[in-house]
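Okay, here's what each chain looks like letter by letter:
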Amino acid sequence: AATACYGNEAAQFPSSNLFAAAGEGVWDNGASCGRQYVVRCISAVAPRTCIPGQTIRVRVVDRALSSVTRPSRGGTTLVLSTSAFAAIANGSPGAINIEYQQ
């Protein structure tokens, strides 16, 4: 599926598969394309979901609103790829609270 940032370009996805789609708060009219964010899971509804002290660097390649996988709730900051989500959280909760920094 094409992304809002780079269309069908295969090279847009980092080899680590740590990428994300930007929610409206960080989308910035597309200026967030290619930005990298350091992300950490800080809390979730289910206890012990977050992997303590684990941080990852994700690259924004898409816009959450136009992506194939829509955010599970409004106001979502970043929709993480499956690999990115699994790197900082256990199980498959619908949403986690993150701390992020560009």
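The shown structure was predicted, so the numbers you read here are calculated from the model rather than taken from an experiment.

**Q** Tell me what's going on with the pattern of salt bridges, and back it up with residues and numbers.
**A** For the structure shown, the criterion picks out three salt bridges. Two residues, glutamate 24 and arginine 63, come together in a salt bridge whose shortest N-O distance is 2.7 Å. Residue glutamate 24 is located in helix α1 (residues 24-27), and its partner arginine 63 is located in strand β3 (residues 55-63); the two are separated by 39 residues in the primary sequence. What makes glutamate 24 partly exposed here is its relative accessible area of 41%. The closest approach of N and O atoms between glutamate 99 and arginine 40, which form a salt bridge, is 3.0 Å. A residue pair is termed long-range when its members are at least 10 positions apart, and glutamate 99 in strand β5 (residues 96-101) and arginine 40 in strand β2 (residues 36-44) qualify at 59 residues. What makes arginine 40 partly exposed here is its relative accessible area of 27%.

**Q** Describe the nonpolar core, and please don't skip the residues or the numbers.
**A** Within soluble globular proteins, side chains that are nonpolar generally end up buried alongside one another. Grouped together as the largest cluster of nonpolar side chains are 21 residues, with contacts concentrated most on Val39, Val58, Leu78, Leu80 and Ile88. Of all the secondary structure elements, the ones that give two or more residues to this core are β1 (19-22), α1, β2, β3, β4 (78-80), α2 (82-88) and β5.

**Q** Tell me what's going on with the side chain of glutamine 12, and back it up with residues and numbers.
**A** The topology assignment puts glutamine 12 in the segment before β1. Other than its neighbours up to four places away in sequence, glutamine 12 contacts Thr3, Tyr6, Gly7, Arg59 and Val61.

**Q** Which residues make up the packing of aromatic side chains, and what values do they have?
**A** Taken as a whole and judged by the stated rule, the model has two aromatic pairs. Ring centres 5.8 Å apart and planes at 70° place the aromatic pair tyrosine 37 and tyrosine 100 in the edge-to-face group. Residue tyrosine 37 is located in strand β2, and its partner tyrosine 100 is located in strand β5; the two are separated by 63 residues in the primary sequence. Owing to a relative accessible area of 4%, tyrosine 37 belongs among the buried residues under this scheme.

Rules of the game
Residues numbered from 1 in each chain as written. Predicted model: local features only at pLDDT ≥ 70, side-chain atom pairs only at ≥ 80, totals over all residues. Heavy atoms only, no water. Salt bridge = Lys/Arg side-chain N within 4 Å of Asp/Glu carboxyl O. Helix = DSSP H or I, 4+ residues; strand = E, 2+ residues; numbered from the N terminus. Buried < 20%, exposed > 50% of the residue type's maximum accessible area, 1.4 Å probe, protein only. Core = buried A, V, L, I, M, F, W, Y, C linked by side-chain atoms within 4.5 Å. Contact = heavy atoms within 4.5 Å. Phe/Tyr/Trp six-rings, centres within 6.5 Å; stacked < 30°, edge-to-face > 60°.

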